[in-house]
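Inside the fold
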Amino acid sequence: MARSSSVHRPLAARGLRAAAGIAGIALLGACAEQAAPPGAALSAHWPILDGYCTDCHNDSEYAGDLSFDAAVPDDVSADPETWEKVVRKLRGDLMPPPGGPRPDAERVDALVASLEVALDEEAATRGAMPGRVALHRLNRTEYARAIEDLFGIRVDAAALLPSDIASEGFDNIAEVLSVSPTHLDQYLAAARDISILAIGEAAPEPVRTGYRSDRENRTTHIAGLPLGTRGGMAVEHYFPADGEYEISLSISSIPGSELRGYPYGWLEYRHRLVVTIDGAKVYEDFIGGEEDSRTLDQEQIQGVDRIRNRFRNIRVSVRAGHRNVAASFVARSFAEGDYLLRSLTPGEGVPDIPRLYGLEITGPYNPTGIGESTESRDRVFVCYPQTESEESPCAREILQNLAYRAFRRPVDDDDLEPLLGFYDAGRAGGNFETGIQKGVMAVLGSTKFLYRAEPGEPPAGLDPGAAYAISDLELAWRLAFFVWSQGPDETLLELAEQRLLSDPGVLEQQVRRMLADPRSASLVTNFAFQWLGVRRVDAIDPDPRLYPNFDEDLRRAFREEMALYLDSILREERSVLELLTASHTFVNERLARHYGIGDVLGDRFRRVELEDTRRWGLFGKASVLMVTSYPDRTSPVLRGAWIMEHVIATPPASVPAGVETDLTPAPGEIPRTVRERLARHRTEPSCNHCHGVIDPLGQALENFNVIGEWRTRERENGLPIDSTGELAGGTPVNNPEELRRALTAEPELFVQALAEKLMRYGLGRGLRYYDMPTVRGIVADSASAGYSFESIVLGVAQSAAFRMRAVPDSGTGDALQARGD
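Definitions and limits used
The residue count restarts for each chain, going from 1 along the sequence in the order it is written. Confidence filtering applies because this is a predicted model: local features only for residues at pLDDT of at least 70, side-chain atom pairs given and counted only at 80 or more, and all residues used for totals across whole chains, interfaces and linings. Hydrogens and water molecules were not included; the side-chain quantities draw on all heavy atoms of the structure. Among the buried residues, those of types Ala, Val, Leu, Ile, Met, Phe, Trp, Tyr and Cys that are joined through side-chain atoms within 4.5 Å form a nonpolar core. Burial classes: relative accessible area under 20% of the type maximum marks a residue as buried, over 50% as exposed, and values in between as partly exposed (1.4 Å probe, protein chains only). Think of it this way: any DSSP run of H or I at least four residues long counts as a helix, any run of E at least two long counts as a strand, and we number them from the N terminus. The directions considered for the arc run from the helix axis to the C-beta atoms. The contact criterion used throughout is that any non-hydrogen atoms of two residues lie within 4.5 Å. Two strands make a pair as long as DSSP finds a minimum of two bridges between them. Here, axes are lines fitted to C-alpha atoms. For helices the fit covers the stretch in contact, and angles between N-to-C directions go from 0 to 180 degrees. Angle categories: roughly parallel below 35 degrees, roughly antiparallel above 145, roughly perpendicular from 65 to 115, and oblique for all the rest. In this scheme, a crossing is called left-handed if the near helix is turned counterclockwise away from the far one by less than a right angle; it is called right-handed if the turn is clockwise. Note on residue categories: nonpolar means Ala, Val, Leu, Ile, Met, Phe, Trp, Tyr, Cys or Pro, charged means Asp, Glu, Lys or Arg, and polar means any other residue, Gly included. For each structure, a 1 Å grid was placed over the protein atoms alone; sets of points admitting a 1.4 Å probe that cannot get out are labelled cavities, open sets with protein on both sides within 12 Å along at least five of seven lines are labelled pockets, and lining residues have an atom within 4 Å of a point. Grid points are joined across faces, edges and corners, and a volume is the space filled by probe spheres set on the points. Definition of a polar contact: a pair of N or O atoms within 3.5 Å, with one able to donate and the other able to accept a hydrogen when the atoms are protein atoms, and with sequence-neighbouring residues admitted only if both atoms are side-chain atoms. A helix is expected to span 1.5 Å multiplied by its residue count minus one. Think of a salt bridge as a Lys or Arg side-chain nitrogen and an Asp or Glu carboxyl oxygen that are within 4 Å of each other. A score from 0 to 100, pLDDT tells how confident the predictor is in each residue.

Side note on the nonpolar core
- Counting 85 residues, the largest nonpolar core has L566, L579 and L758 as its most contacted members.
- When residues in this core are grouped by element, the largest group, 9 residues, is from helix α29 (residues 747-763).
- The next biggest cluster of nonpolar side chains, apart from the first, holds 44 residues, and it includes L161, A395, V443 and Y451.

Written out as structure tokens, the structure reads:
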């Protein structure tokens, strides 16, 4: 029996296609020909397979478990799964392999175009295959947002819940969001703690909470702290009841120096420190100066303790609720100075002035109850009984309102009865508020809250695998979690209850409304950060011996720059191609110094135009460069693989078992250049199949070091960096600018990569071969809107995969889900 193959290329290959996908098949053509029958176009380009592919993909070699010996054009529509793989391999220049004979790029593009036409026609004939999504548990991000939406309380989901497993590049893939007994225990414990937090306790036991500053640069003003201050820290702390609380401050010029006997030269001068709560000053004192210097001289370590104790156990009265607690030093003018010698570079080289390294808050002491309503209580207590007879009706109203918002749908008696049972048990053992707290706990522990959807039965009479429209209510859930990473608002729920949301015009209007809402920023911080892998910027710790300029302030700046940069393009109706080409970025003083940009002062981020074209687009951003490096060295392989995975959606194959990948020089060996070490990858043809594509992509960025600084020589041997290279298709790329031009020459490659990732994120499942015609259609349709992000989001939301579901196979379970859906 003849076997087919696996490979792919661009969606609108170098202008040969004006459109693709189910929505644009009629516009396809090849070269300058009149619209020939698609089958004829495919047959015309079929000889490329015989001429360049059958040496390996034949019945004898059977490379990649594929043989083209007996393949004919009709096989494309008969086996779309295999031929979608073929298209992807061709699109990524992975086939034919680098180093061997290759047809002209134009011929490959024409073959890919004709293959995509055939695949899209087959999909149109076959009809919608929307797949199925497994029961979908809230992940940490969605859980935290749901709690904030319900109660106005910001919780640390990472501290409350087990970590989420990422799959397909995202942590919202339903198939892996299972619930183990450990998950269940932690969800129930979280429900208890959050319910107590939301309702409050009149007389809670004192609790100590510590906060440590991770800022290395504490000698300049920090955004969020009062103007006119330097260093310090601000935290948001929940005070559970009205009462007295103790604040203790950790002050030193070097972390831990007060514990290790370091000298205290900074005590020679007076420094004024203030503590504020919600912007109001609650404490002020001086440290240092003549009196403290005398105390230190005369009493030594006992004097240190006496000075420190002035800033410990500072007792203040605070009302219940979330409050902003800040502590910082009042800055002096340049005329006064904090020290005799001041660094010419603000924030650096001033080691001997006091700095704040942490604070602790303990309490409440002498609690007096919850005197004023907190935001969470205001949201929970939509009524409050004045008599015992009013308690049960009020409890029902409270829990019905909360369940409606928590379960993200209308509730009935079957939903309420278990909740009221918890209320009754709590009321019997305490008071009305105890009962409500137990009811709130039951809501948060319910699977109706913890899971995003409750798929109903499909319409009667449909065969397994047949597609049917999901309900308006589930469409509201899908939309909200897609665009906002949280449940639907009142508008979406009302439209869903009226069964209007599925109307195409209403759906489009709502998507545009949601994108204009500030909550759509989750598409930056949640989707885009995962798509590009820049969440890992917090996990990389550059070797401090090799990169002493790196500190936590710089890490924070990398993260903030990326968030602002992505937001400025994805949420401002600009072409997504500008992610690769935009000439602006966002910097504060610390990051500006890192990039060599002058005239930027202070901790506030501001938009700047980049004169250095090497910094344009994603390839010049330090967060991208750091997450594609090792802690002690750069890696063209990591950077090239990142481009293939995230920019052109053609991830390279995994490293074969037993293959040595460590290119670190052996002890005593004279370090060779990176290029020389990478050449080892290409000595074996089997390795060069991938590395011939990967390495040139990453080598073009080799002048950027681990933390994104530009360099001209290699660190280990001092030799000039050679970043020259040639892509598999023959295009030379010698630097970031040429790499950017090469990758944007075929814009559909990048747009399709983004569309694939966005659709995967929006559906909460991996994409399959039957999804690819839809993706190509989304890209083609977005071309008329200048490839705006909004048009791509709309395309995903309007797709059959988003609005429909397939009937499961009743005999063997869900057939599609068994294949990975």
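Alright, that's what it looks like, and here's the rest.
Side note on helix α18 (residues 490-497)
- Every buried residue belonging to α18 is among L492, L493, L495 and A496, and all of these are buried. Looking down the long axis of α18, one finds its buried residues gathered within 165° of arc, a one-sided arrangement.
- Against the buried residues of α18 lie α13 (391-407), α17 (472-483) and α19 (504-516).
- Two residues or fewer after α18 comes R499, characterised by a positive phi angle close to 60°.

What about the pairing of strand β2 (residues 229-239)?
- In terms of burial, β2 is a largely internal element, 9 of the 11 residues being buried.
- In the sheet, β2 pairs with strand β7 (residues 321-330) via 9 bridges, with the strands oriented antiparallel. Paired with H237 across the bridge in β7 is R323.

Considering the packing of helix α6 (residues 140-151) against helix α8 (residues 181-199)
- Close contact between α6 and α8 brings their axes to 12 Å; oriented N to C, the two are set at 25°. Classified by the interaxial angle, the pair formed by α6 and α8 is roughly parallel. By crossing handedness, the relation of α6 to α8 is classed as right-handed. From α6, Y143, I147 and F151 reach across to α8, where they touch Y187, A190, A191, I194 and A198.
- Looking at the contact of α6 with α8 residue by residue, the classes come out as 8 nonpolar, no polar and no charged.

Let's talk about the layout of surface pockets
- Taken as a whole, the second largest pocket holds about 1,100 Å³ of empty space.
- What lines the second largest pocket is a set of 29 residues, and nearest its centre among them are T141, V155, D156, T525 and D538.
- Looking at the lining of the second largest pocket, the elements that each hand over two or more residues are α6, β2, α20 (522-532) and α21 (552-570).
- At 5 residues, α6 tops the list of elements feeding residues into the lining of the second largest pocket.
- Of the residues in the lining of the second largest pocket, the class split is 10 nonpolar, 8 polar and 11 charged.

A word on the side chain of S376
- Take S376: it is sitting in helix α12 (residues 375-380).
- For S376, a relative accessible area of 4% corresponds to the buried category.
- Those residues in contact with S376 that sit more than four places away from it in its chain are F151, I153, L197 and A198.

Here's the deal with the pairing of strand β8 (residues 355-369)
- Relative to β8, strand β1 (residues 207-212) runs antiparallel, the two being bridged by 6 bridges. Residue pairing for β8: Y211 is matched across the bridge by L359.
- Both strand β3 (residues 242-252) and β8 contribute to a ladder of 9 bridges, which runs antiparallel. Opposite I247, over in β8, you have I361 as the bridge partner.

What about the environment of D242?
- Looking at the element boundaries, D242 is found in strand β3.
- In the structure, D242 is positioned 75 residues away from S317 in sequence and 7.6 Å away in space, judged by C-alpha atoms.
- One polar contact links the side chain of D242 to the main-chain amide nitrogen of A320, over a distance of 2.7 Å.

Some points on α21
- With 19 residues, α21 extends 27 Å from end C-alpha to end C-alpha; this agrees with the ideal 27 Å at 1.5 Å per step.
- The distance from a side-chain oxygen at the start of α21 to the backbone nitrogen of D553 is 3.1 Å, and the residue carrying that oxygen is D551.

Structural notes on the sheet that holds strand β4 (residues 271-277)
- One open sheet holds the 4 strands; their spatial order is β2-β7-β4-β5, and the pairing between them is antiparallel. Looking at which strands have only one partner, the edges of the open sheet turn out to be β2 and β5 (280-287). Between one strand axis and the next, the sheet turns by 15° as a mean value, whatever way the strands run.

Topic: the side chain of T374
- Mapped onto the elements, T374 comes out in the loop between β8 and α12.
- Every residue in contact with T374, bar those within four places of it in the chain, is listed here: A320 and G321.

Description of the sheet that holds β3
- Spatially, 4 strands are ordered β1-β8-β3-β6 in an open sheet, and the strand pairing comes out antiparallel. Of all strands in the sheet, those bounded by a partner on one side alone are β1 and β6 (314-318). With direction set aside, neighbouring strand axes in the sheet form an average angle of 25°.

Concerning the packing of α17 against α18
- Viewed as axis vectors pointing N to C, α17 and α18 meet at an angle of 155°, and their least axial separation amounts to 8 Å. When the axis of α17 is compared with that of α18, the two are roughly antiparallel. In this structure, α17 crosses over α18, and the sense of that crossing is right-handed. Between α17 and α18, the contacting residues are D472, L473, A476, L479 and A480 on the first element and L492, L493, L495 and A496 on the second.
- Residue composition of the contact of α17 with α18, by class: 8 nonpolar, no polar and 1 charged.

Considering the pattern of salt bridges
- Scanning the entire structure with this criterion turns up 51 salt bridges.
- Across the salt bridge formed by E168 and R768, the nearest N and O atoms sit 3.9 Å from each other. One end of the pair, E168, is in the loop between α7 (157-160) and α8; the other, R768, is in the loop between α29 and α30 (772-783), and 600 residues separate them in sequence.
- For R768, a relative accessible area of 18% gives the class buried.
- Overlapping salt bridges, with partners in common, bring together D489, R513, D517 and R519 in one network.

A word on the confidence of the model for the protein chain
- Confidence along the protein chain averages 85 in pLDDT terms, with 86% of residues attaining 70 or more.
- Ignoring residues within four places in sequence, the model shows residues 1-35, a span with pLDDT below 50, making 113 contacts including any to other chains.
- Here residues 346-351 is a poorly scored stretch, pLDDT under 50, and it has 15 contacts once near neighbours within four places are set aside; other chains count.

Concerning unusual backbone geometry
- Residue P96 is bonded to the preceding M95 through a cis peptide linkage, with omega at -10°.
- Relative to the helices and strands, P96 resides in the loop between α4 (80-91) and α5 (105-126).
- Here G363 and P364 are connected by a cis peptide whose omega angle stands at 10°.
- With respect to the secondary-structure elements, P364 resides in strand β8.
- One non-glycine residue, D93, adopts positive backbone phi at about 60°.
- Checked against the element boundaries, D93 lands in the loop between α4 and α5.
- On the basis of relative accessibility, which here comes to 17%, the residue D93 falls in the buried class.
- The residue Y787 is not glycine, and still its phi comes out positive at about 55°.
- Mapping Y787 onto the fold places it in the loop between α30 and α31 (789-798).

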